[in-house]
Amino acid sequence: MYIILLGPPGAGKGTQSRRLAQEYNLKIISTGDIFREEIRKESELGKKVKKYLEAGLLVPDHIVIELVKSIIRYPECSLGVIFDGFPRTIKQAEELDRLLSNCNRKVDIAINIEISDEDVIKRNTYRRVCINCGRVYHLIFDPPKTSDICDFCGGKLIQRKDDKEDVIRKRLEVYRQWTRPIIQYYSEKNILVNIDGTKNIDEVYNQIKTVIEKRVKS
Ligand code: ADP
Ligand code: AMP
């Protein structure tokens, strides 16, 4: 199964994709996580994309598409993938369709997690991420047991550089301009499902599970 999680920054795509990947044994392709890791390693790719992430701008399509092209070939992707943060432009969505159709596959479902602009600011401002395992917390809605320490691996929790209010607002603007049109793209293909992302993490998860299981049965 090939599932896309859509939604503005902070909608809960990363949080939900981790749970879903475990339950349905799917590989996660999170382009944002990959870019952050490459920046941390100071790789060539990391050096190329750093300025875009720090400014809250999109990494150019050709770089993102090359990256996804190289990962999707991995054998573990043949069992199914959850895409988190990809595609983010119509061009990326079209390229993904092409890549999948080359191996007789297709996007099965695009799940659009909806939250308000006010929630976008609240979710991102109080997000904290483990520098070691990448697990995501929220200081109010999903806090770690011990402040600044990851419950799972004991790693240090940090705030993403792009989770400062001015950059969050820029990311929201970029989302509106470039990414929101993808909702229509998948709606026209009859594979779009809207989910109320304002509920708590478990409730959002249950809504998504219901949608996936309905799709599996049909
Ligand atoms: P995205 O991957 O869409 O940017 P994340 O999964 O990183 O979003 O979630 C953004 C922040 O909101 C994190 O701090 C996370 O803990 C928190 N969060 C995620 N889902 C919910 C929810 N349903 N209710 C409250 N907070 C949530
Ligand atoms: P995310 O972790 O999904 O919030 O992404 C963080 C940042 O990585 C974005 O603000 C972009 O700079 C970059 N990025 C991640 N995925 C993409 C993508 N599919 N296309 C362009 N830029 C991306």
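A few points on the structure. (Residues numbered from 1 in each chain as written. Chains lettered and ligands numbered in written order. Predicted model: local features only at pLDDT ≥ 70, side-chain atom pairs only at ≥ 80, totals over all residues. Heavy atoms only, no water.)

## Remarks on the overall build of the protein
Piece 1. Tallying secondary structure elements over the protein gives nine helices and eight strands in all.
Piece 2. For the protein, the C-alpha radius of gyration of 17 Å lies close to 17 Å, the compact-globule estimate for 218 residues.
Piece 3. Counting only C-alpha atoms and orienting by the principal axes, one finds that the protein spans roughly 45 × 40 × 35 Å.
Piece 4. The 218 residues of the protein split such that 46% are buried.
Piece 5. Taking the intrachain contacts of the protein between residues at least 6 apart in sequence as the baseline, contacts between residues at least 24 apart amount to 70%.
Piece 6. On the protein, roughly 11,600 Å² of surface is accessible, and the fraction owed to carbon and sulfur atoms is 49%.
Piece 7. Across the protein, the mean location of the 39 positive side-chain charges is 2 Å away from that of the 32 negative side-chain charges. (Helix = DSSP H or I, 4+ residues; strand = E, 2+ residues; numbered from the N terminus. Rg over C-alpha atoms; globule rule 2.2 N^0.38 Å. Buried < 20%, exposed > 50% of the residue type's maximum accessible area, 1.4 Å probe, protein only. Contact = heavy atoms within 4.5 Å. Areas by Shrake-Rupley, 256 points an atom, 1.4 Å probe, with all protein chains shown as cover. Lys, Arg positive; Asp, Glu negative; His and termini not counted. Charge placed at Lys NZ, Arg CZ, Asp CG, Glu CD.)

## Notes on the site of ligand 2
Piece 1. Near ligand 2 you find 17 residues, and of these Thr 31, Arg 36, Leu 57, Gly 85 and Gln 92 are the closest.
Piece 2. Arg 36 places a side-chain nitrogen or oxygen 2.8 Å from an oxygen atom of ligand 2.
Piece 3. Residue Val 59 places a main-chain N or O atom 3.0 Å away from a nitrogen atom belonging to ligand 2.
Piece 4. For ligand 2, the accessible surface in isolation is 480 Å², of which the surrounding protein chains cover 96%.
Piece 5. Elements represented by at least two residues in the shell around ligand 2 include exactly α2 (31-41) and α3 (44-55).
Piece 6. Ranked by residues supplied to the shell around ligand 2, first place goes to α2 with four residues.
Piece 7. The residue inventory of the shell around ligand 2, partitioned by class, reads eight nonpolar, four polar and five charged. (Near = heavy atom within 4 Å. Polar contact = N/O pair within 3.5 Å; in protein donor to acceptor, adjacent residues only side chain to side chain. Nonpolar A, V, L, I, M, F, W, Y, C, P; charged D, E, K, R; others polar.)

## Considerations on the packing of aromatic side chains
Piece 1. Summed over all chains, the structure comprises two aromatic pairs.
Piece 2. Ring geometry for Phe 83 against Phe 86: centres 6.0 Å apart, planes inclined by 45 degrees, an arrangement best described as tilted.
Piece 3. Overall, the relative accessible area of 0% leaves Phe 83 in the buried class.
Piece 4. Relative to Tyr 186, the ring of Tyr 185 has its centre 5.1 Å away and its plane inclined at 85 degrees; by these criteria the two rings are edge-to-face. Just as Tyr 185 is buried, Tyr 186 falls in that class too.
Piece 5. The residue whose ring lies beneath Arg 19 is Tyr 205, and the NZ or CZ to ring-centre distance is 5.3 Å. (Phe/Tyr/Trp six-rings, centres within 6.5 Å; stacked < 30°, edge-to-face > 60°. Lys NZ or Arg CZ within 6 Å of the ring centre and 35° of its normal.)

## Here we look at the site of ligand 1
Piece 1. Around ligand 1, the surrounding shell holds 19 residues, and the nearest of these are Lys 13, Thr 15, Arg 127, Tyr 137 and Lys 199.
Piece 2. At 3.4 Å from a nitrogen atom of ligand 1 is found a side-chain nitrogen or oxygen belonging to Arg 123.
Piece 3. At 2.8 Å from a nitrogen atom of ligand 1 is found a main-chain nitrogen or oxygen belonging to Lys 199.
Piece 4. Protein chains bury 94% of the 570 Å² of accessible surface belonging to ligand 1 in isolation.
Piece 5. Taken together, the elements giving at least two residues each to the shell around ligand 1 come down to α1 (13-24), β6 (136-138) and α9 (201-217).
Piece 6. Split into classes, the residues belonging to the shell around ligand 1 amount to eight nonpolar, seven polar and four charged.

## A closer look at the sheet that holds strand β4 (residues 109-114)
Piece 1. Sheet architecture is open: five strands sit in the order β2-β3-β1-β4-β8, paired in parallel fashion. Where the open sheet ends on each side, the last strands, each with one partner, are β2 (27-30) and β8 (192-196). Across the sheet, the axes of successive neighbouring strands diverge by a mean angle of 20 degrees, strand direction being ignored.
Piece 2. Bridge analysis of strand β1 (residues 2-6) against strand β3 (residues 81-84) gives four bridges, and the strand direction is parallel. Residue pairing in the sheet places Leu 5 in a bridge with Asp 84 of β3. (Pairing = 2+ DSSP bridges. Axes fitted to C-alpha atoms, helices over the stretch in contact; angles between N-to-C directions.)

## Considering a nonpolar patch on the surface
Piece 1. Where nonpolar side chains cluster on the molecular surface, the patch consists of Tyr 126, Leu 139, Ile 140 and Phe 141 and spans about 380 Å² of accessible area.
Piece 2. By secondary structure assignment, the location of Tyr 126 is in the loop between α6 (117-125) and β5 (127-130). (Patch = residues over 30% accessible without salt bridge, like charges linked within 9 Å, V, L, I, M, F, W, Y side chains within 5 Å. Salt bridge = Lys/Arg side-chain N within 4 Å of Asp/Glu carboxyl O.)

## Structural notes on helix α4 (residues 61-72)
Piece 1. Taking 1.5 Å per residue, 12 residues should reach 16 Å; α4 reaches 16 Å between its end C-alpha atoms and fits that length.
Piece 2. Within the span of α4, buried status applies to Ile 63, Val 64, Ile 65, Leu 67, Val 68, Ile 71 and Ile 72.
Piece 3. Turning to α4, the residues buried within the fold contact β2, α2, α3, β3 and α5 (90-102). (Expected span 1.5 Å × (residues − 1).)

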